[in-house]
Amino acid sequence: MKARVTVTLKSGILDPQGKAIEGALKSLGVDGVASVRQGKVFDIELAGGDRARAEALLKEAADKLLANTVIENYRVEVVG
Amino acid sequence: MKARVTVTLKSGILDPQGKAIEGALKSLGVDGVASVRQGKVFDIELAGGDRARAEALLKEAADKLLANTVIENYRVEVVG
Amino acid sequence: MSTTLRNEPAITPELVAAHGLKPDEYQRILDLIGREPSFTELGIFSAMWNEHCSYKSSRIHLRGLPTKAPWVIQGPGENAGVIDIGDGQAVVFKMESHNHPSFIEPYQGAATGVGGILRDVFTMGARPIACLNALSFGAPEHPKTRHLVSGVVAGVGGYGNSFGVPTVGGQVRFHSRYDGNILVNAMAVGLADADKIFYAAASGVDMPIVYLGSKTGRDGIHGATMASAEFDDDSDEKRPTVQVGDPFAEKLLLEACLEIMAKGCVVAIQDMGAAGLTCSAVEMGAKGDLGVDLDLDAVPTRERGMSAYEMMLSESQERMLMVLKPEKEQEAEAIFRKWGLDFAIVGRTTPSKRFVVRHGGDVMADLPIKELGDEAPVYHRPHVASPALPVLHARDIKAPMPVADALEKLIGSPELCSRRWVWEQYDHVIGGNTVQRPGGDAAVVRIEDGPKALALTVDVTPRYCEADPFEGGKQAVAEAWRNITAVGGKPLAVTDNLNFGNPERPEIMGQFVGCLRGISDACVALDFPIVSGNVSLYNETNGRGILPTPSIGGVGLIDDFTQAATLAFKAENEAILLIGETQGWLGQSVYLRDLCGREEGAPPPVDLAAERRHGDAVRGMIRGGVVSAVHDLSDGGLAVALAEMAMAGTIGAVLDAAPAEIVPHAWWFGEDQGRYLVTVPDAHLLGVLTKLKAVEVPVRQIGKTGGDALAIAGERPVAVAELKARFESWLPDYMAGKG
Amino acid sequence: MNSAILVFPGINRERDMARALTLITGHAPAMVWHAETELPPGTDLVVLPGGFSYGDYLRCGAIAARAPVMDAVHRFAEGGGLVLGVCNGFQILCEAGLLPGVLMRNAGLKFICRDVHLRVERSDTPFTRGYNAGQVIRVPVAHGEGNFVADDDTVRRLEGEGRVLYRYCSATGEVADDHNINGAAASIAGIVNARGNVLGMMPHPENHVEAVMGPTDGRGLFAGLVDHLGRAA
Ligand SMILES: Nc1ncnc2c1ncn2[C@@H]1O[C@H](COP(=O)(O)OP(=O)(O)O)[C@@H](O)[C@H]1O
Ligand SMILES: [Mg+2]
C-alpha cells in the first residue's frame, strides 16, 4: 500500500526557508509570488493491505518522528 | 491564489534521509514500513487570479529554482 | 490618554495574574502611573517586571559581586562584558540561558539561545570568534532525555555552524533533577578594537530610532514571562508560539552591523532579545536619560493585523534597534539593503523621559521610561542556609570493587565519558584559529594571526553546589580558573549563568545566596572579576528544583599560543607529578555517587590561597617550557585524570601504589581540589621539584609514562585501548538506543 | 597567482580560504560579491568557499548557483579557467551544473566536524600535483550535507574517466564503508569536470595549512595550483 504524509509549518511559525526562496524567486525575475512556505512530504510504502491499520500506523509515525508537532501540522493520505 | 508545488526525488536516486527515517521508524517500533522517500512541498500565494498564468509561473519557478530537475520531479497544483 | 481602547480587553485581576504580576506589583503600577494601565501597557509592565528582565529576586545579591579590575573595560549592565587584552584589542563575552524554550522545542530553543548570545556580542561591535555551551539533561533513563539531547545538540550546532562561529567547548551532564527542566547555557566570545565598543545608551534629542533585521511576527509572545514561570504537567497546553531561529538572517545582520559600525554610522545599538522591542527601546532611552516615541505603523511585520500589544512583546529573532547619526542614515540604509535586511525608522528620541507607543493613530502606551526599569520591584526574599553535611571519612566507605574495575566503569559512565558525539556536531575548526579543540581542559583560540590566544572554558559542579552552596560556588570559579591555567592561560574574567529553582522558597534562595557568596569570594581571591552574566530562576517542575547550577564561563589570555600546554602524554619515560594536597576526599565524589550509590557528605573544600599558589606555579612551569603535559584534576579524581592523559596521548603509565596513609580508592578517586598532573622530561625534573619546593607547592612523583596500559602497582593493568573504547562508546551507544 | 573568492550571502569560510591563499600564494585574493557580473581581469583561479550560502535553505547551494556572478564563472570555466569549490562551494558547483551529481544529507543525518583521511587518487591534475598518487592526507570536514549522490551511469563515468580525485579512506589508505563518513557514492570526497579544470570537494584543505592547526596536509592542494599556474605562464 502507498501513502503520503505531508508535513507543513503551523501558521505563525517563522519559515526562514520560505522567506529565502521568496527572495530568490524575485531576483530570478519570477514575479507575482506573494509568499512561500516550505513543507515536507514522505512517500511511504507499507506492507499489508489494511487501510485503517495503515492510517493508524502512519499517524503514529508522524507523531513520533516525521513531524515536530510543536511547530508542524501533518496530514496522512493512503493513496492505494 | 493559492498553489502547491510538490517536489519528489526521481526513482533510482538514492535517498539517504528516507533510508535513515525508515530505520528510525523501525527502531521506534513502527513496523510494516517497507520504504520511505522524502520530498518537499511549497505552499505558494500568488498575486492575481488567472489560473493559466499562475500555472505557467509556478512551472517557471519550479524549473528555475524549486526543483533540481537532474534528480527531482515536480508537480504543480493551483488549489484556489 | 483614554484608558480603554478599541478591541482591547478590560484589565481584570485574572488578566493581571495571567501576566505574572502579583496584586502588590499591580498596585505599584497603579501608584506609579496614577491610573489603570491600557492592555498594551500591562503587557509592557509584565515584560519589564518579570524575573528575567528585572532581576527582581536576584538584584540585591548581584550587587556584591566583584566586577572590577584594571583590564575590565565594561562590567555587567551592558549586552556583554568587555575586557582589555592589550595591543588595542578587547574581548567581549557573555553567557545566557535558554532553558524553558529548549525543553519545549529543543532544536529551536537551543538554536535561538545561541542566536541571542551571538547578538549580544556583536551588538557591542565585536566579531564573534568562539562559542561554548553548558548543557544539563535529565537522567539517561528518563524517556525524554534522548530526544532532548539530540534536539539541543543539533540546535546549538545548527545555529553556530551556519552563522560561522566555532563552538569550541562546554559541559554536558545528566542528572534526574533536570528531568523536567533541562539547562541550555550558551556563551559567545567576540573580538573588537578596544576603542570601538558600542553601547545601548541613546544620546541626542529627536534622533531617529531605526529598526533593522528580520520582520516582526507573533513568535514567543510572552517568552520572557515564560522564562520565569514554573512548569507543571500542563505546560504543553501553555505553549506560546515557538521562536524559530534564522542563522542566515543573523549572519547578514552581523556583517551589516559591523559594516555600518566601521563606517561610523552608529550612536547607540541594542539587540532585541527577551521582550523584544519593549526592552530594547526602554533601555536605549532610560540609559541615555531620554524619552522614546515609537510609531508601530512603521514596524516591518511578517503577519497582517498585529496589535500593538503583540508587536511590543514579540520575540522574533534577528532584530536590532539603533540610533544612527542623522547624516549617515542613507549610507546605513544602503548597507542594510545590500544585505537584504529590513530597515525602518520606527521612532525618535524625545526630551520627555516618557515611553510613548503609537499605533493606527492611537496612543497605546504612555509611561515614565526610567521607572519602567528602575522602579521594578526588588525583593529581599527570605533565605535559609542549606544544612551542613557531615565530612565523610574514606575509611568508613567500603570499596565496592578493585581500583582497575572502578576506573573502567567510571571512564565509560554518563558523567565522565567522552563528549565527542556532541562536539563533532559543532563546527569547531571554522576560522582556522582553534589551536586546542574540544576534549582538553580549556579550548585555545588564536587571536587573528597570533601570537596571542584565548583560553576558554565553562565549569560548575552542581552536586557540590547542592551539598554546600558556598563551597560549590567557590569550586565552580576555581575550576574554571584551573582549566585556563592548565593550558597556560592567565585567567582574566568571568561570565556567569546562575540557574536555580523557585526563589520564593527560602531553601532555594539560600542556595542562590550561598553560591553567590562562594563565587564572589573566589573571584576576589583569584583576581577573576565577573563582567557579565545571566540569572535563570524558577527551574522547577512539580515543586522540585534543579540542582543549583551556577555555570561559570572563564576567559584567559595566552601570550604565545605555541607555548600552550595540552593534556596528552607526549613521550615514554617522563616523570608524572601530582601537584597539590591529596587527602582522599570522597564526599560528593562521582565515585561515591555512581559506584557506591551514595549521594552524600560535604563536598571538597577549596582553599583559595593554595589554589592560586598551585595554579601560578603550574602556569610558570608551562611558560618556562619545563612540563610536557598538564591536566587539572576534577570529576573522578586522580585515576580518571591519568586515564584522560593516557588516552589523549595513546601512551600508558606505570604508577606507584597509593601512599600508606591514604585508603587506595580515596587516593585514586577522591576529588580534593587545587590539584594538577604534569609530566616532566628527565632533564627538567630536578629543577621543577626544587622550584615547587621553594614556592611551597606540594608535589609528589607518582609514576612514569610508558607502555600501553595504566599499570598501578598491585592492581590489574588497564589497557589504554580498552579505556578508550569505553570512554568513546557510551554516548554514541546511548544515543543510538543501544544498551 | 591571482585568485578570486566568491562571496555569497551566508558564506562563512571565505576568511579561512583567503588566509590560506594569501599564505601559500603570497597574494591576497580578490573578494567578489555575488551580485557582480564579471570576474576581476586576470583571474587565474576562482574559489567558491565553504559556508551556508542562503542558509542552505531549499537545497544547499541551490540559490547561490543562480546568482549573477555564476554566469561569469560558467564563462570562465568554459574558457578553461581553474575553479575550486570547497564544501558549500562544491554544492554550488553541482547545483550550477558545472559538476555532476548532488550532495545530500549525511547518511547519519548529523553534521560532522572532524579530521578525516583522504586518498589522493592521482597526481597528474592541477588540483593534486602537490601530492603523490595514493598519498593519504588528513584534513577536516565540517558539513551536514556531503553525501555525494549521482545515478549509476554518472558514477561509472566519473570512475572510468579518472575524475574522482579525493576519496575518504582510513589512515593507511583503505577505502571502506567504515571510513565513508557521510555515505557518499564510492566514498567520493572530490571530483573534477570532464575537462579537468573544475574541482569540487567536501573537506576543507584551507583549514590545514598552518602547523598551529595540527597537520598541514592542505597545503599541497594550493601549492600544486601555484606550481601548475607557474608552469603554464
Ligand atoms: N557541550 C559541549 N560542547 C563542546 N565541547 C564540550 C561540551 N561538553 C564537553 N565538551 C568538551 O569536552 C571536554 C571535557 O569536558 P569536561 O569533563 O567538562 O572538562 P573539565 O573536567 O576539564 O572541565 C572539554 O574539552 C569540553 O570543552
Ligand atoms: Mg579540566
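Residues numbered from 1 in each chain as written. Chains lettered and ligands numbered in written order. Predicted model: local features only at pLDDT ≥ 70, side-chain atom pairs only at ≥ 80, totals over all residues. Heavy atoms only, no water.

Draft legend 1. Structural view of the overall build of chain A. Across its full length, chain A carries two helices and three strands. The order of α-helices and β-strands along chain A, N terminus first, is β-α-β-α-β. Relative to the globule expectation of 12 Å for 80 residues, the C-alpha radius of gyration of chain A, 16 Å, shows a markedly less compact shape. Seen along its three principal axes, the alpha-carbon backbone of chain A occupies a region of about 50 × 25 × 15 Å. Going through the 80 residues of chain A one by one, you find that 48% of them count as buried. (Helix = DSSP H or I, 4+ residues; strand = E, 2+ residues; numbered from the N terminus. Rg over C-alpha atoms; globule rule 2.2 N^0.38 Å. Buried < 20%, exposed > 50% of the residue type's maximum accessible area, 1.4 Å probe, protein only.)

Draft legend 2. Spotlight on the overall build of chain D. The number of helices and strands found in chain D is five helices and 11 strands. A compact globule built from 233 residues would reach a C-alpha radius of gyration of about 17 Å, and chain D, at 16 Å, matches this within 12%. On the principal axes, the C-alpha backbone points of chain D span a range of 45 × 40 × 35 Å. Every one of the 233 residues in chain D was classed for burial, and the buried ones make up 64%. Counted over contacts in chain D with a minimum sequence separation of 6, partners at least 24 positions apart contribute 76%. Working note: accessible area of chain D is about 7,700 Å², and carbon and sulfur atoms make up 47% of it. Counting 20 positive and 25 negative side-chain charges, chain D places the averaged centre of each group 1 Å from the other. (Contact = heavy atoms within 4.5 Å. Areas by Shrake-Rupley, 256 points an atom, 1.4 Å probe, with all protein chains shown as cover. Lys, Arg positive; Asp, Glu negative; His and termini not counted. Charge placed at Lys NZ, Arg CZ, Asp CG, Glu CD.)

Draft legend 3. How the structure looks around empty space enclosed by the protein. Residues and elements named next belong to chain C. With the rule as written, the count across this model stands at eight cavities of 30 Å³ or more. If you add up the space inside the second largest cavity, you get close to 50 Å³. Every residue along the wall of the second largest cavity is listed here: R173, F174, H175, E415, P462, R463, L547 and R593. Listing elements by their share of the lining of the second largest cavity, those giving two or more residues are β5 (167–174) and α17 (462–467). A breakdown of the residues in the lining of the second largest cavity according to their chemical character gives three nonpolar, one polar and four charged. (1 Å grid on protein atoms, 1.4 Å probe; cavity = no way out; pocket = protein on both sides within 12 Å on 5 of 7 lines; lining within 4 Å. Points joined across faces, edges and corners; volume = space filled by probe spheres on them. Nonpolar A, V, L, I, M, F, W, Y, C, P; charged D, E, K, R; others polar.)

Draft legend 4. Main features of helix α1 (residues 16–27) of chain A. Between its first and last C-alpha atoms α1 of chain A spans 17 Å; for 12 residues at 1.5 Å apiece the expected length is 16 Å, and the two agree. Looking only at α1 of chain A, the buried set comprises P16, G18, A20, I21, E22, A24 and L25 of chain A. Against β2 (33–46) of chain A together with β2 (33–46) and α2 (51–66) of chain B lie the buried residues of α1 of chain A. Looking one or two residues beyond α1 of chain A, the residue adopting positive phi is G29 of chain A, at roughly 85°. (Expected span 1.5 Å × (residues − 1).)

Draft legend 5. Summary view of the sheet that holds strand β23 (residues 629–632) of chain C. Residue and element names in this part refer to chain C. The strand order across the open sheet formed by seven strands is β23-β25-β22-β26-β24-β27-β28, and the pairing between neighbours is mixed. Each edge of the sheet is formed by a strand with only one pairing partner; in this case those strands are β23 and β28 (718–719). Looking at chain direction, strand β24 (residues 653–655) and strand β27 (residues 709–712) are connected through three bridges and run parallel. Across the sheet, residue L655 finds its bridge partner in β27, namely I712. (Pairing = 2+ DSSP bridges.)

Draft legend 6. Up close: the pattern of salt bridges. All names here are of chain C. Inspection of every chain in the model, using the stated rule, returns 74 salt bridges over all chains. A salt bridge links E255 to R127, with the nearest nitrogen and oxygen atoms 2.9 Å apart. Separated by 128 residues along the polypeptide, E255 in helix α10 (residues 247–262) and R127 in strand β4 (residues 127–137) bring together distant segments of the chain. With a relative accessible area of 21%, R127 lands in the partly exposed category. Across the salt bridge formed by D342 and K215, the nearest N and O atoms sit 2.7 Å from each other. Of the two residues, D342 is situated in strand β11 (residues 342–350) and K215 in the loop between β7 (208–213) and α9 (223–226); the sequence distance between them amounts to 127 residues. (Salt bridge = Lys/Arg side-chain N within 4 Å of Asp/Glu carboxyl O.)

Draft legend 7. Quick look at the environment of E611 of chain C. Residue and element names in this part refer to chain C. Among the secondary structure elements, E611 is positioned in helix α21 (residues 608–623). Relative accessible area serves as the criterion here: at 1%, E611 is assigned to the buried category. When the C-alpha positions of E611 and W481 are compared, they lie 9.1 Å apart, and in sequence the two are 130 residues distant. Those residues within four positions of E611 in sequence are excluded, and the remaining contacts are A478, W481, R482, L526, V606, G674 and Y676.

Draft legend 8. Focus on the relation of the copies chain A and chain B. Superposing chain A onto chain B takes a rotation of 180° plus a shift of 0.0 Å along the axis, which leaves an RMSD of 0.2 Å. Such a combination of rotation and displacement between the chain copies is what one expects of a two-fold axis. Within chain A, K40 of chain A has its C-alpha nearest the rotation axis, a separation of 2.2 Å. (Least-squares fit on C-alpha atoms with pLDDT ≥ 70 in both.)

Draft legend 9. Structural view of the packing of helix α7 (residues 106–122) of chain C against helix α8 (residues 145–163) of chain C. Residue and element names in this part refer to chain C. Where α7 contacts α8, the two axes come as close as 7 Å, and the packing angle between them is 35°. In terms of crossing hand, the pair formed by α7 and α8 is right-handed. In contact with P106, Y107, A110, A111, V114, G115, L118, R119 and F122 of α7, α8 contributes H147, L148, G151, V152, A154, G155, V156, G158, Y159, G160 and F163. Of the residues belonging to the contact of α7 with α8, the class tally is 13 nonpolar, six polar and one charged. (Axes fitted to C-alpha atoms, helices over the stretch in contact; angles between N-to-C directions. Left-handed = near helix turned anticlockwise from the far one by under 90°.)

Draft legend 10. Structural context of the interface of chain D and chain C. Residue-level contacts link 27 residues of chain D with 30 residues of chain C. For the pair chain D and chain C, the summed buried surface comes to about 2,400 Å²; carbon and sulfur atoms form 53% of the total. Of all residues in chain D, R19, C113 and M213 of chain D bury the most surface against chain C, accounting for 24% of the area lost on that side. The interface formed by chain D and chain C contains five salt bridges. Between R446 of chain C and E210 of chain D there is a salt bridge, and its shortest N-O distance comes to 2.8 Å. Taken together, the links from chain D to chain C amount to 17 residue pairs in polar contact (both at pLDDT 80 or more). Elements that contribute at least two residues to the side of chain D that touches chain C include exactly α1 (14–25), β6 (112–120) and β7 (136–143) of chain D. Broken down by class, the residue content of the side of chain D that touches chain C amounts to 13 nonpolar, five polar and nine charged. (Buried area = accessible area lost by both parts, 1.4 Å probe. Polar contact = N/O pair within 3.5 Å; in protein donor to acceptor, adjacent residues only side chain to side chain.)

Draft legend 11. Geometry of the packing of helix α2 (residues 23–33) of chain C against helix α3 (residues 39–49) of chain C. Residues and elements named next belong to chain C. For the pair α2 and α3, interaxial distance at closest approach is 12 Å and the crossing angle is 120°. In this view, α2 runs oblique relative to α3, as classed from their interaxial angle. Where α2 crosses over α3, the handedness of that crossing is right-handed. Taking contact as the criterion, the partners of E25, Y26, R28, I29, L32 and I33 in α2 are, on α3, E41, L42, F45 and W49. (Parallel < 35°, antiparallel > 145°, perpendicular 65-115°, else oblique.)

Draft legend 12. Representation of the coordination of the magnesium ion (ligand 2) within the structure. Residue and element names in this part refer to chain C. Surrounding the magnesium ion (ligand 2) are the protein donor atoms D441 (OD), N483 (OD1) and D632 (OD), which sit 2.1 to 2.3 Å from the metal. Spacing between the donor residues of the magnesium ion (ligand 2) along their common chain follows D-x41-N-x148-D. Note that D441 is positioned in the loop between β14 (434–436) and β15 (443–446) and N483 in helix α18 (residues 469–486), a separation of 42 residues in sequence. Under the relative-accessibility criterion, N483 is labelled buried at 4%. (Donors = N, O, S within 2.8 Å, 3.2 Å for Na, K, Ca; no water.)

Draft legend 13. Broad picture of the interface of chain A and chain B. The interface of chain A with chain B comprises 34 residues on the first partner and 33 residues on the second. Carbon and sulfur atoms make up 64% of the area that chain A and chain B hide from each other, which totals about 2,700 Å². On the surface where chain A and chain B come into contact, there are 11 residue pairs in polar contact (both at pLDDT 80 or more). Secondary-structure elements contributing two or more residues to the side of chain A that touches chain B are β1 (2–9), α1, β2 and α2 (51–66) of chain A. Tallying contributions element by element places β2 of chain A first for the side of chain A that touches chain B, with 14 residues. Classifying every residue of the side of chain A that touches chain B by side-chain character gives 18 nonpolar, seven polar and nine charged. Bridge count between β2 of chain A and β2 of chain B: 13 bridges; the pairing is antiparallel. Along β2 of chain B, the bridge assignment pairs K40 of chain A with K40 of chain B.

Draft legend 14. Main features of the site of ligand 1. All names here are of chain C. What surrounds ligand 1 is a group of 17 residues, the closest being N133, G170, G439, G440 and D459. Here a nitrogen atom of ligand 1 sits 2.8 Å away from a polar atom, N or O, in the side chain of N133. For ligand 1, whose unbound accessible area comes to 550 Å², protein coverage reaches 83%. Sorting the residues of the shell around ligand 1 by element identifies β5, α16 (420–423) and α18 as the ones contributing at least two each. (Near = heavy atom within 4 Å.)

Draft legend 15. Representation of the pairing of β11 of chain C in the model. Residues and elements named next belong to chain C. Burial runs high along β11: seven of the nine residues are buried. Of the pairings in the sheet, the one linking β7 to β11 comprises six bridges and is antiparallel in character. Bridging across to β11, V210 finds its partner in I345. As defined by bridge partners, strand β9 (residues 291–295) adjoins β11 across four bridges and the pair is classed as antiparallel. If you follow G291 over to β11, its bridge partner there is T350.

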